[in-house]
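Structural characterization, general
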Amino acid sequence: MSEINIEKIMDEIREEIRQKGYTDDLPSFDETENPEQTGCLYSEAEYQALLQELNTSYNIAWYRDLEGGFLSRFLKKVVRKLTSFLGVPVVVDQSGFNASVTREFNQLAGYIREQKEELDRCHQEIALLTDKVQALEKSLNENLDKNQDNA
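The structure contained in this document is the topic of the report that follows. Each residue is numbered by its place in its chain's sequence as written, counting from 1. Given that this is a predicted model, residues contribute local features only at a pLDDT of at least 70 and side-chain atom pairs are listed and counted only at 80 or more, while totals for whole chains, interfaces and linings are drawn from all residues. The side-chain values count all of the structure's non-hydrogen atoms but skip hydrogen atoms and water molecules.

Attention now goes to the side chain of Arg-80. Mapped onto the elements, Arg-80 comes out in helix α4 (residues 70-150). Of the buried charged residues, Arg-80 lacks a salt bridge, with Asp-65 as the closest side chain of opposite charge at 6.8 Å. When sequence neighbours within four positions are dropped, the list of residues in contact with Arg-80 reads Trp-62, Tyr-63, Arg-64 and Leu-66. Counting from the N terminus, the helices are the DSSP runs of H or I reaching at least four residues and the strands are the DSSP runs of E reaching at least two. Only protein chains enter the accessibility calculation, which uses a 1.4 Å probe; a residue whose area is less than 20% of its type maximum is buried, one above 50% is exposed, and one in between is partly exposed. For the purpose of counting charges, residues Lys and Arg are taken to be positive, whereas Asp and Glu are taken to be negative. His and the chain ends are not included. Take a side-chain nitrogen of Lys or Arg and a carboxyl oxygen of Asp or Glu: if they are within 4 Å of each other, that pair is a salt bridge. Only heavy atoms matter for contacts: two residues are in contact if any of them lie within 4.5 Å across the pair.

With that settled, consider the pattern of salt bridges. Enumeration over the complete set of coordinates arrives at five salt bridges. As a salt-bridge pair, Asp-11 and Arg-14 come within 3.4 Å of each other at their nearest N and O atoms. Taken together, the residues Asp-11 and Arg-14, both in helix α1 (residues 6-20) and three residues apart, mark about one turn of the helix. Among the residues examined, Asp-11 registers a relative accessible area of 44% and is labelled partly exposed.

Axes here mean lines fitted to C-alpha atoms, for a helix over just the part in contact, with angles spanning 0 to 180 degrees between N-to-C directions. For the pair helix α3 (residues 44-57) and α4, interaxial distance at closest approach is 10 Å and the crossing angle is 155°. On the basis of their axis angle, the class for α3 and α4 is roughly antiparallel. By crossing handedness, the relation of α3 to α4 is classed as left-handed. Within the contact between the two elements, α3 uses Glu-44, Tyr-47, Gln-48, Leu-51, Leu-54 and Asn-55 and α4 uses Thr-102, Phe-105, Asn-106, Leu-108, Ala-109, Ile-112 and Arg-113. We call Asp, Glu, Lys and Arg charged. Ala, Val, Leu, Ile, Met, Phe, Trp, Tyr, Cys and Pro are nonpolar, and the rest, Gly among them, are polar. Its residues assigned to classes, the contact of α3 with α4 shows seven nonpolar, four polar and two charged. Orientation labels follow simple angle bins: below 35 degrees gives roughly parallel, above 145 gives roughly antiparallel, 65 to 115 gives roughly perpendicular, and whatever is left gives oblique. Each crossing gets its hand from how the near helix is turned against the far one by less than a right angle, where anticlockwise is left-handed and clockwise is right-handed.

And the structure:
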């Protein structure tokens, strides 16, 4: 069994790094993209608009009206008939995949809606409990003040 020369391997790696121009200066977090700066924050309205577009455009039509003159349309029809055995299965498979992705995005939209409702309910409950805690603290402080005055 031959010995492995780690130094030789490391030298080769270093040379490859030099040749490719890689450097050690990694960007700081301040230099990386921030969603607030790039506009990638979640927008319910934008999500719904994209979902509506997805729901209306997931199906790919194999057969489309042909444009052009008589001879051009005739040749295109011949080519389409001769190649349909290749193209139709691909288009059908792609449309099926697009439909499954669209269904998944619709499920995600429902999940987001449910989570938002649950979050709103939790916020309401937290506000109610905060008010109760504040009322109890006020009552406790008043009772403590009364007890100190009586003592």
